[in-house]
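Inside the fold
The residues making up each chain are set out below.
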Amino acid sequence: MATLNKVTLIGYLGHAPELRYTNGGDPVAHFTLATTETWKDKATGEKKEATEWHRIVMYRKLAEISGEFLKKGSLVYIEGKLQSRKWTGKDGVERVTVEIIADDMRMLGGRHAGHEDGQQAAHDAEPRHQSAPAKGRQPQFEYEDDAIPF
């Protein structure tokens, strides 16, 4: 029987992508992505919210694109796979990090009218391909500061 390791996320960047290069010269981008779930508590009727942070890693062309066009607060659609990695910290303690290795990224822009907090916009937004803008032009991202979950 076949297995599947696939992750799909829509969320906001916690910080601009960090772009580095391997010894072979391939670009690698790292950033965090926030996804927020909201619900109404049945017992109290109070609105509840939980934000989950995800570590995203991109390689090669996708890393270059993210480094050039994404910034803190950008709304993006990410597809990839989960990967855990063991490493030893400076203190000698062995740690495990779980990352999402992205193989597809779509920039989601625009303000979704009619949503009170912008969080629902992430759930309603339909992913779409956005071509890279002409050289020298920056892509337009529209969002309100209070719509960012951090």
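Relevant structure appears above.
From a predicted model like this one, the values you see are computed outputs, not experimental measurements.

Next up on the list: the pairing of strand β4 (residues 47-59). In this sheet, β4 lies alongside strand β3 (residues 27-40) in antiparallel orientation, the contact comprising 13 bridges. Pairing of alanine 29 across the sheet is with methionine 58, part of β4. Taking the residues that link successive antiparallel strands as the turn, the β3-β4 hairpin has 6 residues, and the phi of glycine 45 there is positive, at about 80 degrees. The pairing of β4 with strand β6 (residues 94-108) spans 2 bridges and is classified as parallel. Bridge assignment links isoleucine 56 to a residue of β6, and that residue is isoleucine 100.

Our next topic: a nonpolar patch on the surface. Where nonpolar side chains cluster on the molecular surface, the patch consists of Leu82, Val96 and Val98 and spans about 270 Å² of accessible area. Looking at the element boundaries, valine 96 is found in strand β6.

Each pocket or cavity is described by its volume, and for the largest pocket that value is around 270 Å³. Lining of the largest pocket is provided by 13 residues; of these, Glu18, His30, Arg55, Arg85 and Glu99 occupy positions nearest its centre. At the level of secondary structure, the elements contributing two or more residues to the lining of the largest pocket comprise β2 (18-21), β3, β4, β5 (75-88) and β6. Grouping the constituent residues of the lining of the largest pocket by class yields 4 nonpolar, 4 polar and 5 charged.

Moving on, we get to the pairing of β3. As paired strands, strand β1 (residues 7-13) and β3 are joined by 2 bridges and run antiparallel to one another. Paired with leucine 13 across the strands is leucine 33, a residue of β3. When β2 meets β3, the two strands line up antiparallel, connected through 4 bridges. Each bridged residue has a counterpart across the sheet, and for glutamate 18 the counterpart in β3 is histidine 30. Count of turn residues in the β2/β3 antiparallel hairpin: 5 residues, of which glycine 25 carries a positive phi of about 90 degrees.

Turning our eyes to something else, we now look at unusual backbone geometry. Look at arginine 60: it is not a glycine, yet its phi comes out positive at around 50 degrees. Secondary-structure assignment places arginine 60 in helix α1 (residues 60-69).

Next up on the list: the nonpolar core. If you look at the biggest cluster of nonpolar residues, it comprises 18 residues, and the most contacted ones within it are Phe31, Leu33, Ile56, Met58, Ile78 and Met105. Elements with a minimum of two residues in this core: β1, β3, β4, α1, β5 and β6. A per-element tally of this core places β6 first, with 4 residues. Excluding anything up to four places from it in sequence, isoleucine 56 contacts Leu9, Ala29, His30, Phe31, Leu33, Ile78, Ile100 and Ala102.

In this section: α1. For α1, every residue scored as buried is listed here: Leu62, Ala63, Ser66 and Phe69. Along the long axis of α1, the arc covered by the buried residues comes to 155 degrees, so they all point the same way. Residues of α1 that are exposed and point more than 90 degrees away from the buried face comprise Lys61 and Glu68. In this structure, the buried side of α1 is in contact with β2, β3, β4 and β6.

Cut-off values and rules
Residues numbered from 1 in each chain as written. Predicted model: local features only at pLDDT ≥ 70, side-chain atom pairs only at ≥ 80, totals over all residues. Heavy atoms only, no water. Pairing = 2+ DSSP bridges. Helix = DSSP H or I, 4+ residues; strand = E, 2+ residues; numbered from the N terminus. Patch = residues over 30% accessible without salt bridge, like charges linked within 9 Å, V, L, I, M, F, W, Y side chains within 5 Å. Areas by Shrake-Rupley, 256 points an atom, 1.4 Å probe, with all protein chains shown as cover. Salt bridge = Lys/Arg side-chain N within 4 Å of Asp/Glu carboxyl O. 1 Å grid on protein atoms, 1.4 Å probe; cavity = no way out; pocket = protein on both sides within 12 Å on 5 of 7 lines; lining within 4 Å. Points joined across faces, edges and corners; volume = space filled by probe spheres on them. Nonpolar A, V, L, I, M, F, W, Y, C, P; charged D, E, K, R; others polar. Core = buried A, V, L, I, M, F, W, Y, C linked by side-chain atoms within 4.5 Å. Buried < 20%, exposed > 50% of the residue type's maximum accessible area, 1.4 Å probe, protein only. Contact = heavy atoms within 4.5 Å. Arc of directions from axis to C-beta.

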